Amino acid sequence: MSNNDYLSEEEQFKEILNNEEISRIKDPELRSIRLKYWNLLHQTFLDERKIPDGMLGKEFDNIKATEIKELEEYREHKNKG
């Protein structure tokens, strides 16, 4: 993959990425974080029959909040290194 195929710094931190975009993140650690939360959201969506409607939105919000926290920790870690 050439450098032109990778997402820009700004793009890789967008709120929502699809699988193709995640695969274009150059840093394997960041790619792993984004894929982990994409999978959690996807699995929650697939399990929606098991989750009451009133809780589904809260579950998505909790997953996104946890992802944002982990992304902030990743950025702090990378900026120190």
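Residues numbered from 1 in each chain as written. Predicted model: local features only at pLDDT ≥ 70, side-chain atom pairs only at ≥ 80, totals over all residues. Heavy atoms only, no water.

Caption draft 1: Representation of the overall build of the chain within the structure. A tally of regular secondary structure across the chain gives three helices and zero strands. For the chain, the α and β elements follow one another from N to C terminus as α-α-α. If you line up the chain on its principal axes, its C-alpha atoms span 45 × 25 × 15 Å. Of all intrachain contacts in the chain linking residues separated by at least 6 positions in sequence, the fraction that spans at least 24 positions is 33%. When the accessible area of the chain is evaluated, it comes to approximately 6,000 Å², of which 49% is carbon and sulfur surface. Charged side chains of the chain number 14 positive and 19 negative; the gap between the two group centres comes to 3 Å. (Helix = DSSP H or I, 4+ residues; strand = E, 2+ residues; numbered from the N terminus. Contact = heavy atoms within 4.5 Å. Areas by Shrake-Rupley, 256 points an atom, 1.4 Å probe, with all protein chains shown as cover. Lys, Arg positive; Asp, Glu negative; His and termini not counted. Charge placed at Lys NZ, Arg CZ, Asp CG, Glu CD.)

Caption draft 2: Structural context of the packing of aromatic side chains. According to the stated counting rule, one finds one aromatic pair in the structure shown. Seen from their ring centres, Phe 13 and Tyr 74 are 6.3 Å apart, and the 40° between their planes marks the pair as tilted. Separated by 61 residues along the polypeptide, Phe 13 in the segment before α1 (19–23) and Tyr 74 in helix α3 (residues 53–80) bring together distant segments of the chain. Both residues of the pair, Phe 13 and Tyr 74, belong to the buried class. (Phe/Tyr/Trp six-rings, centres within 6.5 Å; stacked < 30°, edge-to-face > 60°. Buried < 20%, exposed > 50% of the residue type's maximum accessible area, 1.4 Å probe, protein only.)

Caption draft 3: Up close: the packing of helix α2 (residues 28–46) against α3. Two elements in contact, α2 and α3, have axes whose closest approach is 10 Å; the angle formed by their N-to-C orientations is 175°. Considering the angle they form, α2 stands roughly antiparallel to α3. Where α2 abuts α3, its residues Glu 29, Leu 30, Ile 33, Arg 34, Lys 36, Tyr 37, Leu 40, Leu 41, Thr 44 and Phe 45 lie against Leu 56, Glu 59, Phe 60, Ile 63, Lys 64, Thr 66, Glu 67, Glu 70, Leu 71, Tyr 74, His 77 and Lys 78. By residue class, the composition of the contact of α2 with α3 is eleven nonpolar, three polar and eight charged. (Axes fitted to C-alpha atoms, helices over the stretch in contact; angles between N-to-C directions. Parallel < 35°, antiparallel > 145°, perpendicular 65-115°, else oblique. Nonpolar A, V, L, I, M, F, W, Y, C, P; charged D, E, K, R; others polar.)

Caption draft 4: Fine view of the nonpolar core. Counting residues in each nonpolar core, the largest one holds twelve residues, listed as Leu 7, Phe 13, Leu 17, Ile 22, Ile 25, Leu 30, Ile 33, Tyr 37, Leu 41, Ile 63, Leu 71 and Tyr 74. Only α2 and α3 provide two or more residues apiece to this core. Top element by residues in this core is α2. It accounts for four residues. Look past the residues within four positions of Leu 7 in its chain and what remains in contact with it is Gln 12, Leu 17, Glu 21, Arg 24 and Ile 25. (Core = buried A, V, L, I, M, F, W, Y, C linked by side-chain atoms within 4.5 Å.)

Caption draft 5: Broad picture of the pattern of salt bridges. Under the defined criterion, the tally for this structure stands at seven salt bridges. Across the pair Lys 64 and Glu 67 runs a salt bridge, and its minimum N-O distance is 2.6 Å. Pair noted here: Lys 64 and Glu 67 are both in helix α3, with a separation of three residues, about one helical turn. The exposure class of Lys 64 is buried, given its relative accessible area of 15%. Using a relative accessible area of 3% as the deciding quantity, one classes Glu 67 as buried. Connected through shared salt-bridge partners, Asp 27, Glu 29 and Lys 78 make up one network. (Salt bridge = Lys/Arg side-chain N within 4 Å of Asp/Glu carboxyl O.)

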